[in-house]
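Spelled out, the chains give:
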Amino acid sequence: MLRSLVNRIRGNGKKDEWRTKEKEVLARLDESKLPVHVAIIMDGNGRWATKRGLPRGMGHRAGVESLREMVTTCSQLKIKYLTVYAFSTENWKRPQEEVSILMDLLVEYLEQELEELHQEKVRINALGKIEQLPTAPLEALKRAMDKTCQNDGLVLNLCLNYGGRHEITDAIKEIARKVAGGELSWEAIDERVVANHLYTAGMPDPDILVRPAGELRISNYLLWQLAYTEFWLSPVLWPDFRRIHLLNALVDYQKRHRRFGGL
């Protein structure tokens, strides 16, 4: 499988320069120790555009190529879950023009990539209050989810209108409703019950969180699920984040001893 990925590495210009490095990193990657679940905070699009004197929207558009490359790489490596922070509950505070661009890019991405994702057996899933999304992106998202719902390859979780505190609050409300209705006793509430009422119910917690753009915060992302996740931070802005960076993150992850609070 890794040999297949090596054979598919291609590019030009700076990408050509990375090909040899990618093959070197792949040679150090242990196929038996890959994470099951990778989470990514896609950060730095605006700064990338500003540094180049471009509108922020151009940074978001450039970031789509990075997402495409991460999805392809995770799928080829047979990683089961890739969860990306696409639009937070706080992002509505941004200028309306920027919000509209982000929503349009979501529709564009789903429409352009859906057939290929489906052929690659990728299952598209959404985490967050998606019912509050505008009509066009909501309908595009539902079409993509319906079309890929039976796929058994990579599960691509798009966190849209997502906030970790909202997620936990929603879980508490649903648990409280069940207790009040006699469906659940309060004595039965434990971590497993809480986890089963989160948006990620039925999924393992992320093994590694990749955070580009040099930021050192969680940003209200997967607050419950990241309890024992390994963090990998990079100064690289998201539009410049490529396969080589993810591969380096995976190699570094494999060197770590996950103690989960033990020795």
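Everything that follows concerns the structure shown earlier in this document.
Remember, predicted model here, so these are calculated numbers, not experimental data. (Residues numbered from 1 in each chain as written. Predicted model: local features only at pLDDT ≥ 70, side-chain atom pairs only at ≥ 80, totals over all residues. Heavy atoms only, no water.)

*Asks:* Even after reading the chapter, I still don't get helix α7 (residues 164–180), so can you show me in this structure?
*Replies:* Quick reminder: α-helices carry 3.6 residues per turn. Residues three or four places apart thus point the same way. With 17 residues, α7 should reach 24 Å at 1.5 Å per residue; the first-to-last C-alpha distance of 24 Å fits that figure. On the buried face of α7, the contacting elements are β4 (155–162) and α8 (191–195). Of the residues flanking the end of α7, it is G182, one or two places downstream, whose phi is positive at about 80°. (Helix = DSSP H or I, 4+ residues; strand = E, 2+ residues; numbered from the N terminus. Expected span 1.5 Å × (residues − 1). Contact = heavy atoms within 4.5 Å.)

*Asks:* What's the story with the pattern of salt bridges in this structure? I'm lost.
*Replies:* Two side chains with opposite charge may pair up if their charged atoms get near one another. Summed over the entire model, instances satisfying the criterion amount to 21 salt bridges. E69 serves as the salt-bridge partner of R242, at 3.7 Å between the closest nitrogen and oxygen. Of this pair, R242 sits in the loop between β6 (230–233) and α9 (243–255) while E69 sits in helix α4 (residues 56–76), placing them 173 residues apart in sequence. In terms of burial, R242 and E69 fall into one category: buried. With a shortest N-O distance of 4.0 Å, E230 and R258 are connected by a salt bridge. Remark: R258 occurs in the segment after α9 and E230 occurs in strand β6; sequence separation between them is 28 residues. Neither E230 nor R258 differs from the other in exposure class; each is buried. (Salt bridge = Lys/Arg side-chain N within 4 Å of Asp/Glu carboxyl O. Buried < 20%, exposed > 50% of the residue type's maximum accessible area, 1.4 Å probe, protein only.)

*Asks:* Is there a simple way to explain the pairing of strand β1 (residues 37–41) in this structure?
*Replies:* If a strand is regular, its side chains alternate between the two faces of the sheet. Among the five residues of β1, five are classified as buried, and the element is accordingly described as predominantly covered. Neither face of β1 is open: one carries H37, A39 and I41, the other V38 and I40, and all of them are buried. Of the strand pairs in this sheet, β1 and strand β2 (residues 81–88) are connected by five bridges, and their pairing is parallel. Note that in β2 the partner of V38 across the bridge is L82. Where β1 meets strand β5 (residues 208–211), three bridges bridge the pair, whose relative direction is parallel. Looking at β5, one finds that I40 is bridged to V210. (Pairing = 2+ DSSP bridges.)

*Asks:* How should the packing of helix α5 (residues 96–119) against helix α6 (residues 135–148) be read in this particular structure?
*Replies:* Helix-helix packing: each pair is described by the crossing angle between the helix axes and the interaxial distance. Across the interface, α5 lies against α6 with an axial gap of 9 Å and an inter-helix angle of 15°. For the element pair α5 / α6, the angle class is roughly parallel. Here the hand of the crossing between α5 and α6 comes out left-handed. Two secondary-structure elements touch here, α5 through M103, L106, V107, L110, E111, L114, E115 and H118 and α6 through A136, P137, A140, L141, R143, A144, K147 and T148. (Axes fitted to C-alpha atoms, helices over the stretch in contact; angles between N-to-C directions. Parallel < 35°, antiparallel > 145°, perpendicular 65-115°, else oblique. Left-handed = near helix turned anticlockwise from the far one by under 90°.)

Treat this as a map of the structure, not an account of what it does.
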